[in-house]
Structures are given as C-alpha cells and as structure tokens.
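Coordinate inspection notes
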Amino acid sequence: MSERPQDNVKAMAAQAENKDGFIAALDQSGGSTPKALKLYGIDEGAWSNEAEMFDLIHQMRARIIKSPAFTGDKVMGAILFEQTMDRDIDGTPTAQYLWEKRGVVPFLKVDKGLADTQDGVKLMKPMPDLDALLERAVAKGVFGTKMRSVIDAANAKGIAAIVAQQFEIARQILDHGLVPIIEPEVTISISDKAQAEEILLSEIQKHLDGVQAGKQVMLKLTLPTKANLYKPLIDDPRVMRVVALSGGYSREEANEKLAQNTGMIASFSRALTEGLSARQSDAEFDAALASAIDSIFEASRSA
C-alpha cells in the first residue's frame, strides 16, 4: 500500500485537531450536483451528459479552492468527492494541491449514498470497494474520510443501528491509517429532534469505548437543539474534533447556532457557497467567498 509522508500526516493531524478554522464540505456527489450547480447559477440545460456536469462542478470547486481567501489560515480542511480527488487543479492532483498550495487538510467522502428508510433512519448503502478506495486515497495524500447517514426520527433501534454501522466502517478506515469523520445527520425539521440527539449522544459514547487505543475519530453532527449537548464528545480524547453540518439552515442561522456550542467548529457545504455565482467576476466571487469564510471562521472560533 502506498504511504503518505509521515511528516505530512503529523502536520495534518496537528492542524485537524488544534487549528482555528472550519472544514469546507465540497463533496456534493451525483445526486446533489445539479442542485449545487443551480444554486451557483448553472441550470440543467448547461450540460448534455453526466461527464459535462462533473466538469462544471469541478470548475466551481477549483474556483473556490484557488480563491485567495481559501487557505489554511481559516479553512482547516476540505472534504472532496471521489471524482474531485481523481482530478487535478492546474496540473496538480486536488488533494495534493489543497495541502501543498493552500495549507488545507484533504478529506474524502467515501459513502455510496443512503439506503431506504427503516426504523426512522437511512443507513449507508453497502461499500464493497471501500478498501480499494481507501488505498487510492492514501496514495493521493488524503488525511481522512467522511461518511453520512440520516436520522429522521427519535427511534432508539434505528439510531443504534446507524451508529453501529458508522463505527464498524470507521474501524476499517482507521486500519488504513486514515481518520474517519462519522456523520449521523439528524434532520433539522423533525419534531422530535432534541430527543433523537439525546439518543445519538448516548450511542456514540457507547461506541467510543471500542475505538482502538491510540486512534481517534472525528464526528460531524447536526447543530443540536440544546446548546453544548455534544460537549462530552468534544472533550473525549478519542475524538479528534467535533464539526457541525449546516443541515439546511441559512449561513446566518447556522453561524448563530454554532457560536453557542463551545469547541464545535463548522463543516458547511451549502452555507459556505451561499451567494456564489458563476456569473460573478473573479473579484466579486473572491469577495463573496472571503465574506462567507470570515463569518464561518468567526462562528467556529467563538465556539
């Protein structure tokens, strides 16, 4: 198996665990790409096949990554989609470009989407080729991974199943020397969100006991109804970082909620790219992105 330079891994780990900043989620995959492009001002008629669609989203991501504001000073890490990892920016592989040119820690989304709802949750679909993908990620200089499942109800059986699946795959990822970001998203619109979050906290704490000595995981969680609910996870030495997803909240609302949760930092997708447009000049685009990055950075730092 290819190995990343250990100096890089140590530097990335130090940044991921300790640095002020947030994680940019640039990992929209096939299903969510048309929506991301539409918000960016590119309608579905602009491409005639999937390959052209992915070309357009890569251009958008490259524009974000190359923007002067997008550096490790405020953007601690970035989560990439598999196709983004496999592409280049100005002739340099994307993950390598992120770390060497921008000082941003690269992560890779590894899940293959969601299974149908059962017991109030959507588990992840099977990932039969995960080992091969993880080996490629290591060879390309990726530091960690991210995988998402969804909680739609405060169903104890379903939430237990989701957390068990997440930690089982996390162990496989840890075996490759990568740091997994475990993301059991609680849907923000459900009526029993607060109860679902209490169950989720309890299940995560149970499974942390199974994390191998000397290893750490990261957690990506919906901003909780009760501020500081996840503080015990933030303080747990087996957890490298707890990051928040915006989950459909506007950037302003997400930042406001984030600032109420001590030690939690952002990992926003739509809330980061809100207000960016393909029609903007480079100066307008860079100014809009800088403003977004500044506001999310401040909310993460005040947390």
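Reading the values: rules and limits
Residues numbered from 1 in each chain as written. Predicted model: local features only at pLDDT ≥ 70, side-chain atom pairs only at ≥ 80, totals over all residues. Heavy atoms only, no water. Helix = DSSP H or I, 4+ residues; strand = E, 2+ residues; numbered from the N terminus. Rg over C-alpha atoms; globule rule 2.2 N^0.38 Å. Buried < 20%, exposed > 50% of the residue type's maximum accessible area, 1.4 Å probe, protein only. Contact = heavy atoms within 4.5 Å. Areas by Shrake-Rupley, 256 points an atom, 1.4 Å probe, with all protein chains shown as cover. Lys, Arg positive; Asp, Glu negative; His and termini not counted. Charge placed at Lys NZ, Arg CZ, Asp CG, Glu CD. Axes fitted to C-alpha atoms, helices over the stretch in contact; angles between N-to-C directions. Parallel < 35°, antiparallel > 145°, perpendicular 65-115°, else oblique. Left-handed = near helix turned anticlockwise from the far one by under 90°. Nonpolar A, V, L, I, M, F, W, Y, C, P; charged D, E, K, R; others polar. Expected span 1.5 Å × (residues − 1). Polar contact = N/O pair within 3.5 Å; in protein donor to acceptor, adjacent residues only side chain to side chain. Core = buried A, V, L, I, M, F, W, Y, C linked by side-chain atoms within 4.5 Å. Salt bridge = Lys/Arg side-chain N within 4 Å of Asp/Glu carboxyl O. Pairing = 2+ DSSP bridges. Right-handed = clockwise from strand over helix to strand, strands pointing away. Phe/Tyr/Trp six-rings, centres within 6.5 Å; stacked < 30°, edge-to-face > 60°. Lys NZ or Arg CZ within 6 Å of the ring centre and 35° of its normal. Arc of directions from axis to C-beta.

Scanning the protein chain for helices and strands turns up 12 helices and 11 strands. In terms of overall dimensions, the protein chain is globule-like: its C-alpha atoms have a radius of gyration of 18 Å, near the 19 Å expected for 303 residues. In terms of overall dimensions, the protein chain has C-alpha extents of about 50 × 45 × 40 Å along its principal axes. Within the protein chain, buried positions represent 53% of all 303 residues. A fraction of 73% describes how many contacts in the protein chain between residues 6 or more apart in sequence connect residues 24 or more apart. Put simply, the protein chain shows about 12,400 Å² of open surface, and 47% of that area lies on carbon and sulfur atoms. The distance from the centre of the 35 positive side-chain charges to the centre of the 43 negative ones in the protein chain is 1 Å.

On to the packing of helix α6 (residues 130-139) against helix α7 (residues 156-174), then. Between α6 and α7, the shortest axis-to-axis distance is 10 Å and the interhelical angle comes to 45°. When the interaxial angle is binned, α6 and α7 end up oblique. Judged by the twist between their axes, the crossing of α6 over α7 is right-handed. Two secondary-structure elements touch here, α6 through L130, D131 and L134 and α7 through I169, Q172 and I173. Here the contact of α6 with α7 is composed, by residue class, of 4 nonpolar, 1 polar and 1 charged.

Before going further, it helps to examine α7. In this model α7 runs 27 Å from its N-terminal to its C-terminal C-alpha over 19 residues, within 8% of the 27 Å that 1.5 Å per residue would give. Within α7 the residues assigned to the buried category are G158, I159, I162, V163, Q165, Q166, F167, I169, A170, I173 and L174. On its buried face, α7 sits against β6 (121-122), α6, β7 (144-151), β8 (179-186), α8 (193-208) and β9 (217-222). At the N-terminal boundary of α7, the capping side chain belongs to N155, with an oxygen 3.0 Å from the backbone nitrogen of K157.

This next bit is on the nonpolar core. The biggest cluster of nonpolar side chains holds 83 residues, and the ones touching the most others in it are F22, F70, L200, I204, L221, L233 and L272. Excluding residues within four positions of it along the chain, L272 makes contact with F22, A24, L26, R251, L289, A292, I293 and I296. Ranked by size, the runner-up nonpolar core spans 17 residues in total, among them M12, A16, I23 and V243.

The subject of this paragraph is the pattern of salt bridges. Charged atoms that come close allow side chains of opposite charge to pair. Tallying each qualifying case throughout the model produces 21 salt bridges. A salt bridge links K193 to E197, with the nearest nitrogen and oxygen atoms 2.7 Å apart. Taken together, the residues K193 and E197, both in helix α8 and 4 residues apart, mark about one turn of the helix. The exposure class assigned to K193 is buried, which follows from its relative accessible area of 5%. A cluster of three or more residues bridged by salt bridges with shared partners is formed by E82, D86, K112 and R136.

So, about the pairing of β8. In terms of burial, β8 is a largely internal element, 8 of the 8 residues being buried. Bridge count for β7 against β8 is 8 bridges, and the pairing is parallel. From the neighbouring strand, K146 faces β8, where its bridge partner is I181. Once you follow β7 into α7 and on to β8, the crossover reads as right-handed. Of the pairings in the sheet, the one linking β8 to β9 comprises 2 bridges and is parallel in character. Note on β9: the bridge partner recorded for I181 is M218. Traced from β8 through α8 to β9, the parallel crossover comes out right-handed.

Here the focus is the packing of aromatic side chains. Summed over the entire model, instances satisfying the criterion amount to 3 aromatic pairs. When the ring of Y40 is compared with that of F285, the centres are 6.4 Å apart and the planes differ by 80°; the resulting orientation is edge-to-face. Here F285 lies in helix α12 (residues 282-302) and Y40 lies in the loop between α2 (33-39) and α3 (50-66), a separation of 245 residues in the sequence. In this structure, R63 is placed above the aromatic ring of F285, and the distance from its NZ or CZ to the ring centre is 4.0 Å.

Turning next to the side chain of S67. One can find S67 in the loop between α3 and β2 (75-80). Owing to a relative accessible area of 1%, S67 belongs among the buried residues under this scheme. Side-chain polar atoms of S67 contact the side chain of D286, separated by 2.8 Å. Not counting chain neighbours up to four residues away, the residues in contact with S67 comprise R102, D286 and L289.

We now examine helix α10 (residues 251-258). Residues of α10 that are buried include every one of R251, A254, N255 and L258, and no others. Looking straight down α10, one finds that the buried residues subtend no more than 100° of arc, so they occupy a single side. Relative to its buried face, α10 has exposed residues pointing more than 90 degrees away, namely E252 and E256.

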